[in-house]
Amino acid sequence: MSPDTGIATDHGTIIVHEVRCAYCGACVAVCPANVISLSDVTLRIDDEACTACLQCIRICPLGALEGPDGD
Amino acid sequence: METEYAVIVIGAGPAGSIAAATVAEKGFKVLLIEKRQEIGSPIRCAEAVTKEGISEFIDPETRWIAAEINVLRLYAPNGSSASIRGLATGYILERKIFDRELASRAANAGADVMVRTHATGLLVEGGKVRGVHINHLGEEVLVTSHVVIAADGVESQVARWAGLDTLPKLRHIDTGVQYLMSDLEIEPQVAEFHFARGIAPGGYAWVFPKGERMANVGLAIGGNVSHPKTAHRYLREFVDKRFPRNAILGITAGGIPTGATIRKMVTDGLMVAGDAAHHTNPLTGGGIVNAMKAGKLAGAVAIKALEIGDCSKETLRAYEREWRRSVGKSLERFYRIKGAFLGLTDRDLNEAASVLAKLDGKDLTLRRVFMTLFKSNPKLSLLIPRIFV
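Parameters at a glance
Every residue gets a number counted from 1 within its own chain, in the order that chain's sequence is written. To label them, take the chains in the order written and letter them from A, then take the ligands in the order written and number them from 1. Where totals are concerned, whole chains, interfaces and linings use all residues; where local detail is concerned, this predicted model gives features only for residues with pLDDT of at least 70, and gives and counts side-chain atom pairs only at 80 or more. Side-chain measures were taken over the full set of non-hydrogen atoms in the model, leaving aside hydrogen atoms and water. Numbering of helices and strands runs from the N terminus; a helix is a DSSP stretch of H or I covering at least four residues, while a strand is a stretch of E covering at least two. The globule rule used here is 2.2 Å times the number of residues to the 0.38 power, and the radius of gyration it is set against is calculated over C-alpha atoms. Only protein chains enter the area calculation, which uses a 1.4 Å probe; residues under 20% of their type maximum are buried, those over 50% are exposed, and those in between are partly exposed. Here, expected helix span is obtained from the residue count minus one, scaled by 1.5 Å. For every element, the axis is a line fit to its C-alpha atoms; helices are fit only across the contacting stretch, and the angle between N-to-C directions ranges from 0 to 180 degrees. Between 65 and 115 degrees an angle is taken as roughly perpendicular, under 35 as roughly parallel, over 145 as roughly antiparallel, and anywhere else as oblique. Handedness of a crossing follows from how the near helix is turned relative to the far one, being left-handed for an anticlockwise turn of less than a right angle and right-handed for a clockwise one. By definition in these notes, contact holds between two residues if any of their heavy atoms fall within 4.5 Å. Side-chain classes follow a simple rule in which Ala, Val, Leu, Ile, Met, Phe, Trp, Tyr, Cys and Pro form the nonpolar group, Asp, Glu, Lys and Arg form the charged group, and the remainder, Gly included, forms the polar group. Once two parts are joined, some of their accessible surface, as seen by a 1.4 Å probe, is lost; buried area is that loss totalled over both. Between Lys or Arg on one side and Asp or Glu on the other, a salt bridge is scored when a side-chain nitrogen of the former is within 4 Å of a carboxyl oxygen of the latter. In protein, a polar contact requires one atom able to donate a hydrogen and another able to accept it; more generally it is a pair of N or O atoms within 3.5 Å, and residues adjacent in sequence count only if both atoms are side-chain atoms. Each residue carries a pLDDT score, the predictor's confidence in it, ranging from 0 to 100.

A. Summary view of the overall build of chain B. When you go through chain B residue by residue, the secondary structure sums to 11 helices and 17 strands. Since a compact globule built from 389 residues should have a radius of gyration of about 21 Å, the 21 Å found for chain B is in line with a globular shape. Overall, chain B is about 60 × 45 × 40 Å in size when its C-alpha atoms are taken along their principal axes. Of all 389 residues assigned to chain B, the portion counted as buried reaches 56%.

So, in structure tokens, the structure goes:
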């Protein structure tokens, strides 16, 4: 896994490109399932509870999150 | 550490620090916690406030004022601009220092303040919020409280744990990116606003000076139109045209609530304030002064609840009522104006700029600006009664 691929969830849905993430919390704000947790410089998606609604991908100001089809 | 407090405030931004200071000044035991390792950093803000708004809370000090603004320059899609003087004067803050100052005031008023301290859950007993599970550098502690004030920002989880709905729809949250840039040819007292669908759909781009040659250069776009082209790609394009040289000292990003304030702001033993409650101005995205107002109000209501020994939602609802009566009313108006703004085409915006340019030098009120704007275009004039009710 290259540094830019980050962590894929068990769903294989959301990929976090940590090198692009500014840890701003916009994705956390719009997550209807409350499965994203943010601290200073870590962003985690609870893959088991993620409903793959992809709202987080749409809001991310830096394009740090990626969906299943490279969205 | 102490594990019993009258009030626990979660989040040491402007809302939280003012709330903590307000309650601590009355002699109640207050704990203010911040998850970051340093209060005020990293900033997530364009840092603009009106002088009028900030003066209610704090006397201006050069330490946290990066620039004084007395001209708002609005750019239309065709590049023409209108300069508005006398409508609003403001400051561009140095939030790192400003936020620290506010938190230090809370500490000086007697509040305990802790950083690197996360809220990890709420203690709920008999349907009432009675405390907060916190984690400080790996140490888990349960701290009890009579009132919790959730000022934990746009990504607020605390209010959701208490069963309040703080989830914004994508069309009710803007997504923004900003560079702190240097070596710029700018006028240090002029705040620029750039409007065009191609520049910032559903929002605007800004240049907010932070000194002679330095500025916050950023933009925010609607959360429903930010994919696949991200806010950052829009900013890159804007910067490539306006300030093509890479002289970037910082980058910040974030979500900005631009819908209506959350419907329920209180529950038994808990109040929500600031960005967490969507107290931002839906049109401008500005939230600093509103957060401070919310913090002060929540603090005042917490004091009253503690004095009468009743921190139920019935008592705390005074906060919600007072907010709606004061600030909430004007935010609803801005929400309607935002709706009208979203309906404008680039052509409407060009026309608006040329009309506004004619007002240059006149004594302006916000009402006069909007009336002039909307009168200029029959389509827009229909919106006037909706906005000025």
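Following the structure, the description resumes.
B. Helix 1 (residues 14–25) of chain B, seen in detail. Residue and element names in this part refer to chain B. Helix length check: helix 1, at 12 residues, gives a terminal C-alpha distance of 16 Å against a target of 16 Å (1.5 Å per residue), a fit within 8%. The element helix 1 is largely enclosed, with a buried count of 11 among its 12 residues. Listed in full, the buried residues belonging to helix 1 are Pro-14, Ala-15, Gly-16, Ser-17, Ile-18, Ala-19, Ala-20, Ala-21, Thr-22, Val-23 and Ala-24. Of the residues flanking the end of helix 1, it is Gly-27, one or two places downstream, whose phi is positive at about 90 degrees.

C. Expanded view of the packing of helix 1 of chain B against helix 3 (residues 95–108) of chain B. Residue and element names in this part refer to chain B. In contact at an axis separation of 7 Å, helix 1 and helix 3 are set at 20 degrees when each is read in the N-to-C sense. Classified by the angle between their axes, helix 1 and helix 3 sit roughly parallel to one another. In this structure, helix 1 meets helix 3 at a crossing whose hand is left-handed. On the side of helix 1, the interface is formed by Pro-14, Ser-17, Ile-18, Ala-20, Ala-21 and Ala-24, while helix 3 contributes Arg-95, Asp-99, Leu-102, Ala-103, Arg-105 and Ala-106. Among the residues making up the contact of helix 1 with helix 3, the classes are represented as eight nonpolar, one polar and three charged.

D. Broad picture of the interface of chain A and chain B. At the interface, 23 residues of chain A touch 28 residues of chain B. Where chain A abuts chain B, roughly 1900 Å² becomes buried across the two surfaces, and 61% of that area is made up of carbon and sulfur atoms. Inspection of the chain A/chain B interface yields zero salt bridges. Our count for the chain A to chain B interface comes out at seven residue pairs in polar contact (both at pLDDT 80 or more). Mapped by element, the contributors of at least two residues to the side of chain A that touches chain B are helix 1 (26–30), strand 3 (36–39) and helix 2 (55–59) of chain A. Looking at the side of chain A that touches chain B residue by residue, the class counts come to 15 nonpolar, five polar and three charged.

E. Layout of unusual backbone geometry. In this model, Ser-41 of chain B is joined to Pro-42 of chain B through a cis peptide bond whose omega is -5 degrees. Counting through the fold element by element, Pro-42 of chain B comes out in the loop between strand 2 (30–33) and strand 3 (48–50). Non-glycine residue Leu-54 of chain A carries a positive phi angle of around 70 degrees. Backbone geometry places Asp-183 of chain B, a non-glycine residue, at a positive phi of 55 degrees.

F. View of the environment of His-118 of chain B. Relative to the elements of secondary structure, His-118 of chain B occurs in strand 7 (residues 117–125). Sequence separation between His-118 of chain B and Glu-140 of chain B is 22 residues, and the spatial gap between their C-alpha atoms is 9.5 Å. Setting aside chain neighbours within four positions, we find His-118 of chain B in contact with Leu-38 and Ser-39 of chain A together with Ile-33, Lys-35, His-133, Ile-134 and Asn-135 of chain B.

G. Structural context of the confidence of the model for chain B. Looking at chain B, the pLDDT average stands at 92 and 96% of residues meet or exceed 70. Overall fold confidence (pTM) sits at 0.93, and the ipTM for the predicted complex is 0.91.

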